Amino acid sequence: MGSIVKFTKMHGAGNDYIYVDTSRYAILKPAELARQWSDRHKGIGSDGLVLIGQSPVPEADFSMRIFNADGSEARMCGNASRCIGKYVYEKGLTANASVRLLTQSGIKVLKLNVGKKGSVESVTVDMQEPCMADRYQLATADGSMREGSLTVWGQELRGTFVSMGNPHFVIFTDDAEAVDVARMGCALETHPMFPERCNIEFASLLGKDHIRTRVWERGSGITMACGTGACATAVAATLTGRSGRKSTVVMDGGSLEVEWSEADNHVYMTGPAEFVYEGEIEVE
């Protein structure tokens, strides 16, 4: 007989995770549990496992650790961040409409847009500055973002590499709907150019500052949405002259609003967060 852990299923634009409050339950093998619980046939079913904890540093209010469906640990997730904002506010863990969240890629500030009935209707996340980590081979000598070409399945693909605390390669195409995301995304994620694997976005323009994006997430595969992916797409579109500083990014699970501010060079992402259901599961 194992111990019982209560969990909450949430999603942001269809990007669904299992959330556990680690101040109540000790999760000793998160990578293993993420693989088991994320299985959509034999487990709870999700894109991964998110652990919510108290922050070990005074500069933040809460902490987040996120494990993908394959058990690998992610550095950042925009959709999960928004869901945590809704979780801690509506469950009475904070009364503040501004939450500082410690992630593996730094502290992110969440602005909760609270409605008249006290529910969090949407969350704006300060994703901070887009950057390029110089350990990735697509980086230029000064570590800036740049375009590059990769060849998979005999096809040359040109894209823009953007880091939003995690790596993204954004490929613009005439029709994102026509892309075989499973085949191309899987090959690109593990391309030798990306020593730590990479998130892949396939994007096309729907209109002025309106972008359709489909996502292959590192460690999870095809997902309904990706917050950092939406931000990376918006930044890449601005860098390549395809859109302005504000854009709507349409993903399979819904739309996210992204602004790359000229004032502070930060990227701000706004979108929904929803509870799906509560449950409990036995842990051996």
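Computed from a predicted model, the values in this text were never measured in an experiment.

Novice: Can you lay out the confidence of the model for the chain for me, pointing to particular residues and giving the numbers?
Specialist: Scored by pLDDT, the chain comes out at a mean of 93, with 95% of its residues at no less than 70. Counting contacts from residues 133-143, a segment whose pLDDT is below 50, to residues more than four positions away or on other chains yields 24 contacts.

Novice: Talk me through the pairing of strand β12 (residues 199-207); I want residue IDs and the actual numbers.
Specialist: Of the pairings in the sheet, the one linking strand β11 (residues 167-172) to β12 comprises 5 bridges and is parallel in character. Across the sheet, I171 pairs through a bridge with F202, a residue of β12. Of the crossover connections in this fold, the one passing from β11 over helix α3 (residues 181-189) to the parallel β12 is right-handed. Looking at chain direction, β12 and strand β13 (residues 210-217) are connected through 7 bridges and run antiparallel. Across the sheet, residue G207 finds its bridge partner in β13, namely H210. Between β12 and β13, which pair antiparallel one after the other, the connecting turn spans 2 residues, and D209 there sits at a positive phi close to 55 degrees.

Novice: Kindly report on the nonpolar core, identifying the contributing residues and their values.
Specialist: Counting 49 residues, the largest nonpolar core has Y19, V50, A80, I84, M127, M251 and V267 as its most contacted members. In terms of residues, this core owes the most to one element, helix α4 (residues 227-239), which gives 7 residues. With near-sequence residues (within four places) excluded, A80 lies in contact with Y17, Y19, V50, M64 and I66. Counting residues in hydrophobic clusters, the runner-up holds 15 residues, among them F161, M184, F202 and W216.

Novice: Got a sec to walk through the pairing of strand β10 (residues 155-163)? Specific residues and values, please.
Specialist: As judged from the 7 bridges shared by strand β9 (residues 146-152) and β10, these two strands associate in the antiparallel manner. Note on β10: the bridge partner recorded for R146 is F161. Between β9 and β10, which pair antiparallel one after the other, the connecting turn spans 2 residues, and W153 there sits at a positive phi close to 50 degrees. The antiparallel pairing of β10 with β11 creates a hairpin that spans 3 residues between the two strands, and G165 there sits at a positive phi of about 90 degrees.

Novice: Just give me the short version of helix α1 (residues 30-38), but keep the residues and values in it.
Specialist: Along α1, the residues that are buried comprise P30, L33, A34, W37 and S38. Along α1, the residues classed as buried sweep out an arc of 115 degrees about the axis, all on the same side. Close packing links the buried residues of α1 with β1 (3-12), β2 (15-21), β3 (48-54), β4 (62-68) and β18 (274-283).

Definitions and cut-offs
Just so you know, the residues in each chain are numbered from 1, in the order the chain's sequence is written. Whole-chain, interface and lining totals are the exception, using all residues; otherwise, since this is a predicted model, local features are given only for residues with pLDDT of at least 70 and side-chain atom pairs are given and counted only at 80 or more. The basis for every side-chain value is the complete set of non-hydrogen atoms in the structure, without hydrogens or water. A residue's pLDDT is simply how confident the predictor is in it, with values from 0 to 100. Contacts were defined at the residue level, with two residues in contact if any of their heavy atoms lie within 4.5 Å. By this definition, two strands are paired if DSSP reports at least two bridges between them. The helix count covers DSSP runs of H or I at least four residues long, the strand count covers runs of E at least two residues long, and both are numbered beginning at the N terminus. A crossover gets the label right-handed when its path from the first strand over the helix to the second runs clockwise, viewed with the strands pointing away from the viewer. Take the buried Ala, Val, Leu, Ile, Met, Phe, Trp, Tyr and Cys residues and link them wherever side-chain atoms come within 4.5 Å; each set so joined is a nonpolar core. Exposure classes here rest on a 1.4 Å probe applied to the protein chains alone. A residue is buried below 20% of its type maximum, exposed above 50%, and partly exposed in between. Directions pointing from the helix axis toward each C-beta atom define the arc.

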